[in-house]
Amino acid sequence: MNQASRKPHSSRAADASTQGPSLAEQLVAVARALQDVRQGQSARAVLAGVDAPLRAGVQALLMDVLRVLGTAEAVRTELAARKPAAAADALLCTALALLLPDTPRYDGFTLVNQAVEAAKKRSVTRSQSNFINGCLRTFLRERDDLLGAVAADPIAKYNHPQWWLDRLKKDYPRDWQAIVAANNSQAPMALRVNLQRCSRPQYLSLLEQAGVAAVAGSGEVGIILAKAVPVEYLPHFADGWVSVQDSAAQMAAPLLLSGLLPCDGATLHVLDACAAPGGKTAHLLEFAPTPKSLDVVALEIDAKRAERIDGTLQRLGLAADVVVASADDVKTWLPVVQARHGVQQFDAILLDAPCSASGIVRRQPDVRWLRRSGDIAQLATIQRQLLDALWPLVAPGGRLLYCTCSVFREEGEDQIVRFLQTWPEAKRLAAPGHLLPQHWNAVDNSPGTLAQDHDGFYYALLHKPLR
Ligand SMILES: C[S@@+](CC[C@H](N)C(=O)[O-])C[C@H]1O[C@@H](n2cnc3c(N)ncnc32)[C@H](O)[C@@H]1O
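Since the model is a prediction, treat every value here as computed from it, not as a measurement. (Residues numbered from 1 in each chain as written. Predicted model: local features only at pLDDT ≥ 70, side-chain atom pairs only at ≥ 80, totals over all residues. Heavy atoms only, no water.)

> Break down the packing of helix α5 (residues 69–79) against helix α8 (residues 126–150) for me, with residues and values.
For the pair α5 and α8, interaxial distance at closest approach is 10 Å and the crossing angle is 110°. By the angle between their directions, the pair α5 and α8 is classed as roughly perpendicular. Within the contact between the two elements, α5 uses T71, A74, V75, E78 and L79 and α8 uses C135, T138, F139, L146, L147, A149 and V150. For the contact of α5 with α8, the residue count by class is 9 nonpolar, 2 polar and 1 charged. (Axes fitted to C-alpha atoms, helices over the stretch in contact; angles between N-to-C directions. Helix = DSSP H or I, 4+ residues; strand = E, 2+ residues; numbered from the N terminus. Parallel < 35°, antiparallel > 145°, perpendicular 65-115°, else oblique. Contact = heavy atoms within 4.5 Å. Nonpolar A, V, L, I, M, F, W, Y, C, P; charged D, E, K, R; others polar.)

Now the structure itself:
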């Protein structure tokens, strides 16, 4: 973490003589990142382009800004009759967003002064810089009135687009506000222990020795950290003892494989149809009792992302056949895979389908601002095509696990209801269905407790009976 974010409420953040980037430099980078996100780029892609010494601090501030962007934009509309030019507006909304929390990271006047410094660095005109200064000082003086004026605006109040709120209300008339509140909270860092390397109690004690506070999570292999740390702080991370993975995602491997793994030395043939970056591919392989008991083909449409599967597996000392192809374009990849693996069909297929990511807003707060309402129907069409293309590849007696990291019913339960009408031979097995994101509170999770926390997710397990 850099100097400025380590010193909240300190005017030293502005001191150019301290080590690390100044707050003004960080604000420049955050505002630029916000402008890029507003133009449709993902925060992850934008942050990858930020200079390394700035990145961690900019990431933390950008996430804070994106979580309250609806309120910040509504306040800006109250303050400015006309929306400023894009660069000035991004800086103004960044500073407003960082002033919003009841206990902000920085003292208000420090932040305003640094925002004005940032304006000078950002080739914002002098009049725009004066305008930003005026707006921010007005906000400091009239904060309660301004927040009162926007309080009834749902986008300002809930920090989600209106179409998203409407969809949540339709899908979850009782729970939509809890989902929104969870989305606006910060998810804890969750780990998956690689049981091929050590047990969960062993890894918890390694963490304790390393001074990293943690509790056991749900499932067999989950751990939740009290505070996120860089992976380099995790004992034996480079040797593959643990992976970073949300608890909901950790349900995939046991759901698909429990009760299916052969105990007679035979090999189970598995297709992971949408595999990158390989988190679930790796868990499937870790779940196997011996390397020989599981043969995994990992398909991925995006060649660049497919490289990440190799990286994931290499670190963990695991192996799969990574194939770059579109899963629904069966005729291009299936004959090659059939020849290479000596199989006609698969005993188990994992379809972790591309989706809106509406369940992981806690971790990716940009998602809600990037998506458009029309995206959901398009994604549902892709999911349907994938399901219909892959089901014939399940061997009789085998299974297909369909999942998405979305809470929207169109991408989850509605999809499966339609699927079962199209494929009447498919039988549903027990699976969680829609899981709603949790509102994580570290204080409630002291050592020795079992932490219940997960992102929003959807799981349906489909069985193909023997003929
Ligand atoms: C939800 S992510 C998968 C995450 C992965 N299962 C994991 O646990 O790390 C969906 C992936 O599917 C890929 N994808 C999208 N359409 C695809 C298609 N038609 N065929 C294969 N992969 C596809 C995306 O590029 C993306 O990497």
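> Give me the side chain of E286: which residues, what numbers.
Inspection of the secondary structure assignment puts E286 in helix α14 (residues 279–287). The residues touching E286, leaving out its near neighbours within four places in the chain, are R192, V193, N194, Q196, S243, L316 and L318.

> Describe the site of the ligand, with residues and values.
By nearness alone, 19 residues border the ligand, and G279, E300, R305, A327 and D352 come closest of all. The contact in question runs from an oxygen atom of the ligand to an N or O atom on the backbone of A276, over 3.2 Å. Between an oxygen atom of the ligand and a side-chain N or O atom of K280, the distance comes to 3.0 Å. Computed on the free molecule, the ligand has an accessible area of 600 Å², of which 85% lies beneath the protein chains in the complex. For the shell around the ligand, a count of residues per class yields 11 nonpolar, 3 polar and 5 charged. (Near = heavy atom within 4 Å. Polar contact = N/O pair within 3.5 Å; in protein donor to acceptor, adjacent residues only side chain to side chain. Areas by Shrake-Rupley, 256 points an atom, 1.4 Å probe, with all protein chains shown as cover.)

> So, unusual backbone geometry: which residues are in play, and what are the values?
With an omega dihedral of 5°, the bond running from A276 to P277 counts as a cis peptide bond. Here P277 shows up in the loop between β5 (268–272) and α14. Despite not being glycine, H236 shows a phi value in the positive range, around 55°. Locating H236 in the fold gives a position in the loop between β3 (222–225) and β4 (242–244). You can call H236 partly exposed: its relative accessible area is 35%. (Buried < 20%, exposed > 50% of the residue type's maximum accessible area, 1.4 Å probe, protein only.)

> So what about the nonpolar core? Which residues, and what values?
If you look at the biggest cluster of nonpolar residues, it comprises 52 residues, and the most contacted ones within it are L34, L62, L66, L96, I132 and L136. For this core, the elements supplying multiple residues, two or more each, are α2 (23–38), α3 (43–48), α4 (52–67), α5, α6 (86–99), α7 (108–121) and α8. Core analysis: the second largest hydrophobic core is formed by 49 residues, L257, A288, L318 and L435 among them. (Core = buried A, V, L, I, M, F, W, Y, C linked by side-chain atoms within 4.5 Å.)

> Tell me what's going on with the domain arrangement of the protein, and back it up with residues and numbers.
Many descriptions give the size of an interface as the accessible area lost when the pieces come together. Splitting the protein by domain gives domain 1 (3–158) and domain 2 (249–463). Here the C-alpha centroids of domain 1 and domain 2 sit 38 Å apart. Where domain 1 abuts domain 2, roughly 820 Å² becomes buried across the two surfaces, and 58% of that area is made up of carbon and sulfur atoms. Of all residues in domain 1, the largest losses of buried area upon contact with domain 2 belong to R44, L66 and R67, amounting jointly to 48% of the total for that side. The set of elements that each furnish at least two residues to the side of domain 1 that touches domain 2 consists of α3, α4 and α5. A per-element tally of the side of domain 1 that touches domain 2 places α4 first, with 3 residues. Tallied by class, the residues present in the side of domain 1 that touches domain 2 amount to 6 nonpolar, 4 polar and 2 charged. (Domains from an automatic or database assignment. Buried area = accessible area lost by both parts, 1.4 Å probe.)

> Any chance you could break down the pattern of salt bridges for me, citing the residues and the numbers?
Counted according to the given criterion, the structure contains 22 salt bridges. Between E73 and R38 there is a salt bridge, with its nearest N and O atoms 2.7 Å apart. Taken as a pair, E73 in helix α5 and R38 in helix α2 lie far apart in primary sequence, 35 residues in all. For K170, the salt bridge goes to D171, with nearest N and O atoms at 3.6 Å. Residue classification places K170 among the exposed positions, given a relative accessible area of 60%. Residue classification places D171 among the buried positions, given a relative accessible area of 7%. (Salt bridge = Lys/Arg side-chain N within 4 Å of Asp/Glu carboxyl O.)

> I'd like a description of α6, backed by residues and values.
Here α6 is 14 residues long and its end C-alpha atoms lie 20 Å apart, about the 20 Å a rise of 1.5 Å per residue gives. When you tally the buried positions in α6, you get 12 out of 14 residues, the bulk of the element. When α6 is considered as a whole, its buried residues turn out to be A88, D89, A90, L91, L92, C93, T94, A95, L96, A97, L98 and L99. On its buried side, α6 packs onto α2, α4, α5, α7 and α8. (Expected span 1.5 Å × (residues − 1).)

> So what about the environment of G219? Which residues, and what values?
One can find G219 in the loop between β2 (214–217) and β3. Sequence separation between G219 and G279 is 60 residues, and the spatial gap between their C-alpha atoms is 16 Å.

> Could you give me a rundown of the state of the cysteines, with the residues and numbers involved?
The full count for this structure, using the stated rule, is 0 disulfides. C405 supplies the cysteine sulfur nearest to C355, a cysteine that is in no disulfide, at a spacing of 3.5 Å. On the basis of relative accessibility, which here comes to 11%, the residue C355 falls in the buried class. (Disulfide = S-S within 2.5 Å.)

> Lay out the sheet that holds strand β10 (residues 427–435) in plain terms, naming residues and giving numbers.
Taken together, the 7 strands give an open sheet; going across it, the order is β7-β6-β5-β8-β9-β12-β10, and neighbouring strands pair in mixed fashion. Only two strands of the sheet have a single neighbouring strand rather than two, namely β7 (321–324) and β10. Averaged over neighbouring strand pairs, the angle between their axes works out to 15° when direction is ignored. Of the pairings in the sheet, the one linking strand β6 (residues 294–300) to β7 comprises 4 bridges and is parallel in character. Across the sheet, the residue bridging to A298 is V322, located in β7. Contacts between helix α16 (residues 330–341) and the sheet are confined to β5, β6, β7 and β8 (346–352), with β7 contributing the most and set at about 165° to the helix. In the packing of helix α18 (residues 374–390) onto the sheet, the strands contacted are β5, β8, β9 (394–404) and β12 (457–463), and the crossing angle to β9 comes to about 165°. (Pairing = 2+ DSSP bridges.)

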